[in-house]
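The lines below spell out each chain.
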Amino acid sequence: MTSTTTSDAQALMRETALSDELRPAYHFVAPAGWLNDPNGVCQRDGVYHLFYQYNPTGPCHHSIQWGHATSTDLMQWTDRPIALRPSDGHDEEGCWSGVLVDDGTRPVLVYSGHRDDRQTAMLAYGDESLDHWTKEPSNPVIAAPPAGTDITAFRDHCVWREGGVWRQIIGSGIRGRGGAAFLYESDDLVHWRELGPLVVGSADDFSETNPLWTATMWECVDFFRLDADGRTAAPDCSSGDAHVLIFSAWDDGRTMHTISARGHYAGDRFEVTDYHRLDLGGRHAYAPQSFIDEQGRRMLWAWMQEGRDDAAQLRHGWSGAMTLPRVLRLGAAGDVRQTPAPEVEAARGEALEWHGLASRAGAAEFGFEVDLPVGSVVEVDLFATPDPTSTDAEFTTLRLSGVADGSIAVELDRSRSSLDTTNASSAHTGTVVRTDGRVEVRGFLDRSSIELFIDGVPLTTRVYPTRPDADAIRIRAVDTTIEHLCGWMMRNTEQAHRVLDLTETSTG
Ligand code: DQQ
């Protein structure tokens, strides 16, 4: 294809994506094409940088590049030139996930080069703008997984400074045992010493259908300290502080769900005390990455995977969105509680009009508080058409029930979400351990995405209503009362005139 026909095809794909009424309006999305994991997330000199796994040539996972966008307010993003592209060598089939660190003289990307169905650790050096990147001549800096271990896969990086050296973990799995993270140490980011597995999971601890199954390989490992007030720092094995390892459980090509493991980090090992679900929406909040921003907050984005099939994704010219930016703290049970960053409020438009407990909204935020004594139930219909009894009604129902042990049973029913039966329709279920008596519920609806926070436990999912009147929110409370009900229309925050591939390119 000549460059003219490439850009024509890309302009057409962008137009197609823009005309899809189910493309999110205030969540970050690529201009068009394919987006998956957040990468290299950071804030430098007041500017947030969101890099992401990107295929500007089509809405499918192929020849992955690093897209890049910047923001000063976390909601309005400006596209920057593509940061990394595959080149001759170990990343010729894709520049897979990685992180950004600063070696004291310049920003450095540590990422996985993809070739011949395997991945190796690579580096690229940036200028201050983070627009131009030059690959390390001696790439790959880690050419193979530890010898003598039968591993399932080996990729994705978490890199930090500890005790005057660099440390990094790489996601992996040991065949016949479970997921793993291998630990390395380096003085210069280029030469790495193997320190063995930081931690190895057990694929037998839970059944394959259990949402806590840690699977056979851990993607996108992310390791840090975190406390109940949200204080956070890089790992430190001599601190005695609680540490959290977040990983995405993967099994032979299946992206299962994201897990957080709390535990103790001492010497070269991480002892897990408990595993938790990071998000009750399973695969729809996958491959997250976090960083500490200039306010000292531990911020995280995850990839909201689609729930419609490949053909529909191709037809609509885009695939994949980011969750809202979330602020993390450690829950009393050892899970990771999450709140949307307060900056999200800047996207609020007009307040929703409530008629009793119902309102109509497209892209919207809503919230309420409720006591949920044992036996009481709250149901919330989302993206609902006016008459729920008609055979062609569409609605997605969140059900919260107070249960005997004081916790909250959560169910999100997608069986009536869409008249198009090719879309995902399975239910999400889970339990929320309450913070105190009253439960706070917040919801963010964005055309085909639903992000709920129930006492800070997120449930992220995707639904694809077909009817233009599938825009109601309806709340029913049985044996309890809804209080402080509120809501806002949310503004479209996407910048105008985006192109898929800015011409200014890195030297990659
Ligand atoms: N996506 C990347 C990998 C990672 C996976 C490739 C997780 O590096 O393991 O696009 O979604």
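Here is a short report on the structure shown in this document. For clarity, every value in this text was computed on a predicted model and none was experimentally measured. (Residues numbered from 1 in each chain as written. Predicted model: local features only at pLDDT ≥ 70, side-chain atom pairs only at ≥ 80, totals over all residues. Heavy atoms only, no water.)

A few points about the environment of W77
- Mapped onto the elements of the fold, W77 is located in the loop between β3 (65–71) and β4 (78–84).
- As for W77 and V403, which are separated by 326 residues in sequence, their C-alpha atoms are 42 Å apart.
- Excluding residues within four positions of it along the chain, W77 makes contact with F28, Y48, H49, L50, A69, T70, S71, W301 and Q495. (Helix = DSSP H or I, 4+ residues; strand = E, 2+ residues; numbered from the N terminus. Contact = heavy atoms within 4.5 Å.)

Details of unusual backbone geometry
- A cis geometry characterises the amide bond from N139 onward to P140, with omega recorded as 0 degrees.
- Assignment of secondary structure puts P140 in the loop between β8 (133–135) and β9 (151–162).
- Here the phi dihedral of L74 falls at roughly 70 degrees; this positive angle occurs in a residue that is not glycine.
- By secondary structure assignment, the location of L74 is in the loop between β3 and β4.
- In this structure, C220 takes a positive phi of about 50 degrees despite not being glycine.
- Along the chain, C220 turns up in strand β13 (residues 217–226).
- By relative accessible area, C220 is classed as buried at 8%. (Buried < 20%, exposed > 50% of the residue type's maximum accessible area, 1.4 Å probe, protein only.)

A look at a negative patch on the surface
- On the surface, a cluster of negative charge is contributed by D88, E92, E93, D116 and D117.
- Looking at the element boundaries, D117 is found in the loop between β6 (107–115) and β7 (118–126).
- A relative accessible area of 69% means that D117 is categorised as exposed. (Patch = residues over 30% accessible without salt bridge, like charges linked within 9 Å, V, L, I, M, F, W, Y side chains within 5 Å. Areas by Shrake-Rupley, 256 points an atom, 1.4 Å probe, with all protein chains shown as cover. Salt bridge = Lys/Arg side-chain N within 4 Å of Asp/Glu carboxyl O. Lys, Arg positive; Asp, Glu negative; His and termini not counted. Charge placed at Lys NZ, Arg CZ, Asp CG, Glu CD.)

Details of the nonpolar core
- Counting residues in hydrophobic clusters, the biggest one holds 36 residues, and the most contacted among them are F28, W77 and W301.
- If you list the elements that add at least two residues to this core, you get α1 (3–18), β1 (33–44), β2 (47–55), β13, β18 (286–292), β19 (298–304) and β21 (321–322).
- One finds L352, V380, V441 and L459 within the second-largest nonpolar core, a separate group that totals 30 residues. (Core = buried A, V, L, I, M, F, W, Y, C linked by side-chain atoms within 4.5 Å.)

Comments concerning the sheet that holds strand β12 (residues 192–200)
- A sheet is described by the order of its strands in space; here four strands give the open sequence β9-β10-β11-β12, paired in antiparallel fashion. A single partner strand is all that each edge strand has here, and the edge strands are β9 and β12. Neighbour to neighbour, the strand axes of the sheet diverge by 25 degrees on average, direction disregarded.
- Of the strand pairs in this sheet, β9 and strand β10 (residues 165–174) are connected by nine bridges, and their pairing is antiparallel. Directly across from E162, in β10, lies its bridge partner V165. (Pairing = 2+ DSSP bridges. Axes fitted to C-alpha atoms, helices over the stretch in contact; angles between N-to-C directions.)

A closer look at the sheet that holds strand β5 (residues 95–102)
- The four strands are arranged β5-β6-β7-β8 in an open sheet whose pairing can be described as antiparallel. Each having just a single partner strand, β5 and β8 make up the two edges of the open sheet. Strand-to-strand twist across the sheet, computed as the mean angle between neighbouring axes with direction ignored, equals 30 degrees.
- Sheet topology places β5 next to β6; seven bridges connect them, and they run antiparallel. Among the inter-strand pairings, G98 is bridged to a residue of β6, identified as Y111.

Some thoughts on the pattern of salt bridges
- Applying the stated rule across the entire model yields 43 salt bridges.
- R193 serves as the salt-bridge partner of D187, at 3.3 Å between the closest nitrogen and oxygen.
- On the basis of relative accessible area, D187 is assigned to the exposed category, the value being 53%.
- Overall, the relative accessible area of 36% leaves R193 in the partly exposed class.

Here's the deal with empty space enclosed by the protein
- Taken as a whole and assessed by the stated rule, the structure comprises three cavities of 30 Å³ or more.
- For the largest cavity, the calculated volume is near 100 Å³.
- Along its surface, the largest cavity is lined by A25, H27, F28, V29, M75, W77, T78, D79, T493, E494, Q495 and R498.
- Looking at the lining of the largest cavity residue by residue, the classes come out as five nonpolar, four polar and three charged. (1 Å grid on protein atoms, 1.4 Å probe; cavity = no way out; pocket = protein on both sides within 12 Å on 5 of 7 lines; lining within 4 Å. Points joined across faces, edges and corners; volume = space filled by probe spheres on them. Nonpolar A, V, L, I, M, F, W, Y, C, P; charged D, E, K, R; others polar.)

These values are about where atoms sit, not about what they do.
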